[in-house]
Amino acid sequence: MHYAVRILDVEVDAVTADEAVGLITDAIDARHGHGAPSFQVATVNPEFVMHARRDAAFRRILRDCALRTPDGAGLMLGARILGHPLPQRVPGVEMVIDLARAAATRGDRLFLLGGAPGVAEAAAEALRRAAPGVEVAGTLAGDAGEEGDAAALSAISASGADIVLVAFGAPAQELWSSRNLAVSGAAVAIGVGGTFDYLSGTVRRAPRVMRRLGLEWLFRLAQQPSRWRRMAVLPVFLLLVVRQRVLRR
Ligand code: UDP
């Protein structure tokens with residue numbers, strides 16, 4: 001069993017990508033075997049943690065998630081500052097590709113919900129190339145708000161999907177999953193943020209060397225300068241983590 005690290009108000013599970021995929025496929029088997037509860041996954045980054053500070057509903061949803069994977073260099077640094085390093089950063093796009101490969105051999109069905117029009121289909125094509133034989137049972141750009149729930153639910157039920165990848169960005173994708181997963185017929189929902197944009201090539205990922213150095217965020221900022229506003233919370237995040245560490249002593 002893995003441990004969890006509490007970073008400010010949010011628990012993050014200390015799992016590798018392989019372990020995350022194992023837990024997700026176990027949840028699908030449990031659901032098929034004895035109707036276990038559905039399994040919501042959040043890919044947590046510092047913006048999630050900062051948002052959770054001022055949004056009690058979001059905080060509660062994250063607490064109730066079955067799995068919270070560590071995404072983002074800031075989160076890795078935060079855990080180190082707290083003296084509980086996380087084993088590995090688990091970027092959403094990499095976990096999704098690993099999961100699609102496992103799904104291809106196991107026969108699990110995926111549904112891709114969210115993204116700009118056409119992006120989920122392009123991401124599905126890319127997943128089929130990366131994970132030959134994977135069954136993407138449906139895609140829908142959909143609508144993140146409650147008014148979109150009925151259309152999404154009927155498409156997901158009709159597809160017979162086991163896993164729904166929800167790309168509405170945080171916190172909309174977490175809210176969507178907590179409202180809808182249990183009645184969708186799927187066993188697992190994962191909030192995947194900008195993953196479809198990467199898979200489809202709509203947005204380029206940082207070069208490997210930048211990722212290794214923990215500088216993916218800098219590359220993203222250069223590509224999408226409008227992100228600065230969200231990223232402005234990062235220094236505050238680190239200060240609060242340092243305070244958490246100091247107060248604990
Ligand atoms: N998005 C969407 N509907 C919305 C708002 C956002 O489909 O109402 C999509 C958007 O197209 C993008 C994703 O949600 O693909 C959010 O990506 P972002 O880069 O913000 O997520 P991150 O990876 O930073 O968590």
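Computed from a prediction, not measured in an experiment: that's the story for all the values here.

K.L.:
Would you take a moment to explain the overall build of the chain for this structure?
P.N.:
Within the chain, the regular secondary structure consists of 13 helices and eight strands. In terms of overall size, the chain behaves like a compact globule, its C-alpha atoms giving a radius of gyration of 17 Å where 249 residues would be expected to give roughly 18 Å. Expressed along its principal axes, the backbone C-alpha trace of the chain runs to roughly 50 × 40 × 35 Å. Across the 249 residues of the chain, 48% fall into the buried class. Partitioning the contacts of the chain with sequence separation of at least 6, the portion at a separation of at least 24 is 73%. Carbon and sulfur atoms make up 54% of the accessible area of the chain, which totals about 11500 Å². Across the chain, the mean location of the 29 positive side-chain charges is 9 Å away from that of the 25 negative side-chain charges.

K.L.:
Mind showing me how you'd approach the site of the ligand here?
P.N.:
If you check the shell around the ligand, you find 13 residues, and the closest are G115, G194, D197, R227 and R230. One of the backbone N or O atoms of G115 is found 2.7 Å from an oxygen atom in the ligand. A distance of 3.3 Å is found between an oxygen atom of the ligand and a backbone nitrogen or oxygen belonging to G169. Expressed as a share of its isolated accessible area of 550 Å², the protein-covered part of the ligand is 69%. Its residues placed into classes, the shell around the ligand shows four nonpolar, five polar and four charged.

What counts and how
- Residues numbered from 1 in each chain as written.
- Predicted model: local features only at pLDDT ≥ 70, side-chain atom pairs only at ≥ 80, totals over all residues.
- Heavy atoms only, no water.
- Helix = DSSP H or I, 4+ residues; strand = E, 2+ residues; numbered from the N terminus.
- Rg over C-alpha atoms; globule rule 2.2 N^0.38 Å.
- Buried < 20%, exposed > 50% of the residue type's maximum accessible area, 1.4 Å probe, protein only.
- Contact = heavy atoms within 4.5 Å.
- Areas by Shrake-Rupley, 256 points an atom, 1.4 Å probe, with all protein chains shown as cover.
- Lys, Arg positive; Asp, Glu negative; His and termini not counted.
- Charge placed at Lys NZ, Arg CZ, Asp CG, Glu CD.
- Near = heavy atom within 4 Å.
- Polar contact = N/O pair within 3.5 Å; in protein donor to acceptor, adjacent residues only side chain to side chain.
- Nonpolar A, V, L, I, M, F, W, Y, C, P; charged D, E, K, R; others polar.

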